[in-house]
Amino acid sequence: MGSALAAAVGVSRGWGAASGVEVAVLLVAAFVYLLGGSDSDAGAVLGNRPDERQVLVRLKSQALAMKVMYLGALIGWAVTIALKGLYWPFDLIFSAGGLAYLIGLRLYGTHDDRPIGPIGSTDALQDSPREPYNSMNG
Amino acid sequence: MRNQVREGRVHRGLSQAELAEALGVSRQTVISIESGRYLPSLPLALRIGRFFGMPVERIFDPEEEVSE
């Protein structure tokens, strides 16, 4: 991905700039590789070996990064509008982010769309009528 | 939530790293559990109980406020 970015920079701004981007990408990759081997939460996450708690750490970090990026996009959007520039890329970011959020709620949420009826009613997915809970029934 | 993980580990002469390896988690997670900053999942809590040979409810003690 970093090399693709460098190629894009090379096409638009010349191969001198692309070389700088490629060097930066390689330095970041080396840093991530070295950090990934360390005995730390960051090392476990970057080294793709998180335990259950580190998965939560990763999720919280990702959420924080997304929020900051969204805020940055909002600022960029406002500045671009004020300067009468093309702001459609920011519209795309907000639309994609909002849609992804809704999809995430649907994917990761629990869904029970059946209407909950009174005791004795029949659930849509069950054949037998619902009975009140009684510990003696087992 | 208070817990007896550190006491159990020290009683058995284990380091945090050794306990972490036995439980299949990282050393940082053992540190977080012992300090009460992280509540383990049910499967991990059960593994801890099995490792120490004690019921989970004897290891993890929810702090309850009792008003009289």
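Nothing here was measured: the structure is a model prediction, and the numbers come from that model.

Rules and cut-offs
- Residues numbered from 1 in each chain as written.
- Chains lettered and ligands numbered in written order.
- Predicted model: local features only at pLDDT ≥ 70, side-chain atom pairs only at ≥ 80, totals over all residues.
- Helix = DSSP H or I, 4+ residues; strand = E, 2+ residues; numbered from the N terminus.
- Buried ≥ 20, exposed ≤ 12 C-beta atoms within 10 Å, placed from the backbone.
- Contact = placed C-beta atoms within 7 Å.
- Nonpolar A, V, L, I, M, F, W, Y, C, P; charged D, E, K, R; others polar.
- Core = buried A, V, L, I, M, F, W, Y, C linked by C-beta atoms within 7 Å.
- Axes fitted to C-alpha atoms, helices over the stretch in contact; angles between N-to-C directions.
- Left-handed = near helix turned anticlockwise from the far one by under 90°.
- Domains from an automatic or database assignment.
- pLDDT = per-residue confidence, 0-100.

Q: I tried to follow the overall build of chain A on my own but got confused; where do I start?
A: For chain A, the helix and strand inventory stands at five helices and zero strands. When the helices and strands of chain A are placed in sequence order, the string is α-α-α-α-α. Taking all 138 residues of chain A together, the buried fraction comes to 4%. For chain A, the proportion of contacts with a sequence separation of at least 24, taken over those separated by at least 6, is 4%.

Q: Can you help me understand the interface of chain A and chain B in this one?
A: Interfaces are often sized by the accessible area lost when the parts come together. Contact residues are listed per partner, giving eight residues for chain A and nine residues for chain B. Contributing elements (two or more residues each) for the side of chain A that touches chain B: helix 3 (41-46) and helix 4 (52-82) of chain A. Per-element tally for the side of chain A that touches chain B: the top contributor is helix 4 of chain A, with three residues. Looking at the side of chain A that touches chain B residue by residue, the class counts come to one nonpolar, two polar and five charged.

Q: Is there a simple way to think about the nonpolar core in this case?
A: Here is a general trend for soluble globular proteins: nonpolar side chains tend to be buried in one another's company. All names here are of chain B. In terms of nonpolar packing, the biggest core is built from nine residues, these being V5, L19, A20, V25, V30, I33, Y38, I48 and I59. Within the residue set of this core, elements represented by two or more residues are helix 2 (16-23) and helix 3 (27-34). What V5 contacts, discounting residues up to four positions off in sequence, is I33, E34, I48 and I59.

Q: Please clarify how the packing of helix 4 of chain A against helix 5 (residues 88-108) of chain A should be interpreted in this entry.
A: To characterise two packed helices, one gives the angle between the axes of the helices and the distance between these axes. Residues and elements named next belong to chain A. Remark: helix 4 packs on helix 5, axes separated minimally by 9 Å, with the N-to-C direction vectors making an angle of 150 degrees. Where helix 4 crosses over helix 5, the two elements pack in a sense that is left-handed. Contacts from Y70, A73, G76, W77 and T80 in helix 4 reach F90, I93, F94 and G97 in helix 5. Per-class residue counts for the contact of helix 4 with helix 5 are six nonpolar, three polar and no charged.

Q: So what exactly am I meant to see when it comes to the domain arrangement of chain A here?
A: On domain assignment, one finds that chain A holds domain 1 (1-36) and domain 2 (51-109). Here the C-alpha centre of domain 2 of chain A lies 24 Å away from the C-alpha centre of domain 1 of chain A.

Q: What's the story with unusual backbone geometry in this structure? I'm lost.
A: Negative phi is the rule for most residues except glycine; trans is the rule for most peptide bonds. Residue and element names in this part refer to chain A. The phi dihedral of N48 is positive, around 60 degrees, even though this residue is not glycine. The topology assignment puts N48 in the loop between helix 3 and helix 4. Given 7 C-beta atoms within a 10 Å radius, N48 is considered exposed. Phi at K84 takes a positive value of approximately 60 degrees, unusual for a residue other than glycine. If you trace the backbone, K84 turns up in the loop between helix 4 and helix 5.

Q: Just checking my understanding: could you explain the environment of B:T29 for this structure?
A: Residue and element names in this part refer to chain B. Structurally, the position occupied by T29 is in helix 3. Overall, the presence of 25 C-beta atoms within 10 Å leaves T29 in the buried class. Separated by 34 residues in sequence, T29 and E63 place their C-alpha atoms 21 Å apart.

Q: Would you mind going over the confidence of the model for chain A with me for this structure?
A: When pLDDT is low, close inspection of the predicted coordinates is not appropriate. With 81% of its residues at a pLDDT of at least 70, chain A reaches an overall mean of 82. The secondary-structure element of chain A with the lowest mean pLDDT is helix 1 (residues 2-13) of chain A, recorded at 74, while helix 4 of chain A shows the highest, at 95.

Q: Would you mind showing me how to read the environment of A:G47 here?
A: Residue and element names in this part refer to chain A. Mapping G47 onto the fold places it in the loop between helix 3 and helix 4. Sequence-wise, G47 and L34 are 13 residues apart; in three dimensions their C-alpha atoms are separated by 9.1 Å. Aside from chain neighbours lying at most four places away, what touches G47 is G36 and G37.

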